[in-house]
Amino acid sequence: MVATEATTDPEVLVIGAGPGGYVAAIRAAQRGLDVTLVERDALGGVCLNRGCIPSKAYVTATDVAHDAATAEEMGIHADPVVDLAAMCDWKDGVVDRLTGGVEKLCKANGVTLVEGTASFVDGETVRVDDGDETDTLSFDHCIVATGSRPLELPGFPFAADPVLDAAAALELSSVPDRLVVVGAGYIGMELSTVFAKLGTDVTIVEALDSVLPGYEDDVARVVRKRAESLGVDFHFGERATGWRDAADGGIVVTTESDDGTESTHGADRVLVAVGRTPVTDALDPENAGLEPTENGALETDERCETAVDGIYAVGDVAGEPMLAHVASAEGVVAAEAIAGEPAAFDAQAIPAAVFTDPEIATVGLTESEAEAEGFDPVVGEMPLRSSGRALTTGDTEGFVRVVASADGFLIGAQIVAPEASELIAEPTLGIEMGATLEDVAATIHTHPTLSEAVMEAAENALGQAIHTLNR
Ligand code: FAD
Ligand code: NAD
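Residues numbered from 1 in each chain as written. Chains lettered and ligands numbered in written order. Predicted model: local features only at pLDDT ≥ 70, side-chain atom pairs only at ≥ 80, totals over all residues. Heavy atoms only, no water.

The name an unreviewed UniProt entry gives the protein is Dihydrolipoyl dehydrogenase, with Haloplanus vescus as the organism. Taken from UniProt, the Sequence similarities (unreviewed entry) comment for the protein reads in full: "Belongs to the class-I pyridine nucleotide-disulfide oxidoreductase family." According to its UniProt record, the protein has this under Catalytic activity (unreviewed entry): "N(6)-[(R)-dihydrolipoyl]-L-lysyl-[protein] + NAD(+) = N(6)-[(R)-lipoyl]-L-lysyl-[protein] + NADH + H(+)". (UniProt positions renumbered as here; feature names shortened; annotations may be inferred.)

In structure tokens:
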């Protein structure tokens, strides 16, 4: 974090410098408001320091190693040696460049940066404690962007050495031989893929009956099968109950299934990734009249304002979905609302991506969600095995699916493919702009690209696909 700058009472006080807070601060400053941003740890929040960026750096680096080691079919024979400590240094360098960039952007936009922990004194004042001294700041408007932290599972305190949260897993200096991962959600699936590609024997225990609960079966199946082919051992319907030291110097993780059956899984480490919870402790929200929900979140309206006039909440602290781009989009809305603009958060086209192998990315409605909402949806699909570019990447498992209303307006897409996280931008823009299937189908796409599969899926929905059989 940076040294505290001299500050006076701001028009807008932003608490937390993650992708919600720093984006809100910059946008408010761009609108001519006097802005102070308070952060107790590192600029960039979880996303830049312990979440999105470090995990994606590892996803890419381990892909490089794994792809090189498994490219015999392409005539490439390599036996890469992974130096995890060096990989960690490289990842830290990426993080430093980005957090340094956030500091420069804040300063260039005239945002005052203050280091310390903010807590509400009342609905117009916060106290900021930097460990040495406390300062009191009054504000006209406040944006709370204090983020989230990992849920701790009973029996698995993060303070215990073999128990890892995602942040600790991304700091390991040597590759564990055996890793039990509790939870097959976003973090569990992404980091299992990373460690499996590093050569770790990964066992996943998941309370429910599939990976990535909430995603459609055919979407999740592709990723589960690929993970299995990397050696990941899945145990569904098992809840992790605790761990103990084992005679072999490792640990044993114990689980229980719904019928009471107990199982044990040997490991060196256990990564617990069972969800995240909003951070409002230290904030004393009640002093400002804020009442967190049962889940700890600060509820907001479409302008991202809480029930307390002038206090806004954005990002993970405002609840699900806990995604960095949602935090930033909400930050923009809150700042523009404070600036007096008619801004409102629109949840119609929120993309989500899981950086597994292959990636998953979705936006809008699935076919069954569209049916449940009273649409009579039209669906089109392009399997990757019919994509020329997919064949040249060696990755042909997956598909692009588009969902449209009966009158042809794009309302959803589900993509399982390499670079799905990039491909989803096109249907997201399509939904945002009210595009029809014909708009997507009539758009000339570069050849040979994976993005042609989006066009072909739209053509398939119209019964006009060239490279796949029409429905
Ligand atoms: P945060 O990024 O959590 O930032 C909140 C900041 O507030 C922190 O810096 C904290 O120190 C500060 N703070 C808290 N309380 C106080 C206080 N009282 N006073 C001063 N400062 C305070 N999302 C994606 O969209 N894509 C991904 O690929 C992705 N990958 C992830 C991978 C991992 C391993 C994890 C853990 C998360 C990932 N996420 C991803 C989720 C993403 O990191 C969060 O949704 C995002 O960081 C939320 O941003 P935020 O600004 O709300 O909060
Ligand atoms: P998650 O909610 O995605 O998955 C948690 C999983 O743990 C669920 O499948 C749940 O059924 C399982 N579970 C819960 N209790 C269990 C128990 N006792 N034993 C076994 N399984 C159990 O949570 P996460 O993976 O910790 O990620 C947290 C959040 O961080 C995500 O929801 C997402 O918002 C964000 N995130 C996003 C990305 C991304 O956008 N690519 C990546 C990582 C994290």
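Got a minute to help me understand the UniProt feature "domain: FAD/NAD(P)-binding" (unreviewed entry) in the protein in this structure?
Sites flagged by UniProt as "domain: FAD/NAD(P)-binding" (unreviewed entry) map to residues 11-331. For residues 11-331, helix accounts for 30% and strand for 26%, while the C-alpha atoms at its two ends are 16 Å apart. (Helix = DSSP H or I, 4+ residues; strand = E, 2+ residues; numbered from the N terminus.)

What am I meant to see in the packing of helix α1 (residues 21-30) against helix α8 (residues 324-338) here?
Helix-helix packing is described using two parameters, namely the angle between the two axes and the distance between the axes. The N-to-C vectors of α1 and α8 enclose an angle of 30 degrees; their axes lie 8 Å apart at closest approach. By crossing handedness, the relation of α1 to α8 is classed as right-handed. Within the contact between the two elements, α1 uses Val23, Ala24, Arg27 and Ala28 and α8 uses Ser328, Gly331, Val332, Ala335 and Glu336. (Axes fitted to C-alpha atoms, helices over the stretch in contact; angles between N-to-C directions. Left-handed = near helix turned anticlockwise from the far one by under 90°. Contact = heavy atoms within 4.5 Å.)

Looking at this structure, how should I read the packing of aromatic side chains?
Each aromatic ring pair is specified by the distance between its two centres and by the angle formed by the two planes. Under the counting rule described, the total for this entry stands at 3 aromatic pairs. Arranged with centres 6.3 Å apart and planes meeting at 70 degrees, the rings of Phe120 and Phe139 form a pair that is edge-to-face. Linking Phe120 in strand β4 (residues 117-122) with Phe139 in the loop between β6 (134-138) and β7 (141-144), this pair joins segments that are 19 residues apart in sequence. The class of Phe120 is buried, set by a relative accessible area of 0%. With a relative accessible area of 6%, Phe139 lands in the buried category. Judged by centre distance (5.4 Å) and plane angle (5 degrees), the ring pair of Phe234 and Phe236 falls under stacked. (Phe/Tyr/Trp six-rings, centres within 6.5 Å; stacked < 30°, edge-to-face > 60°. Buried < 20%, exposed > 50% of the residue type's maximum accessible area, 1.4 Å probe, protein only.)

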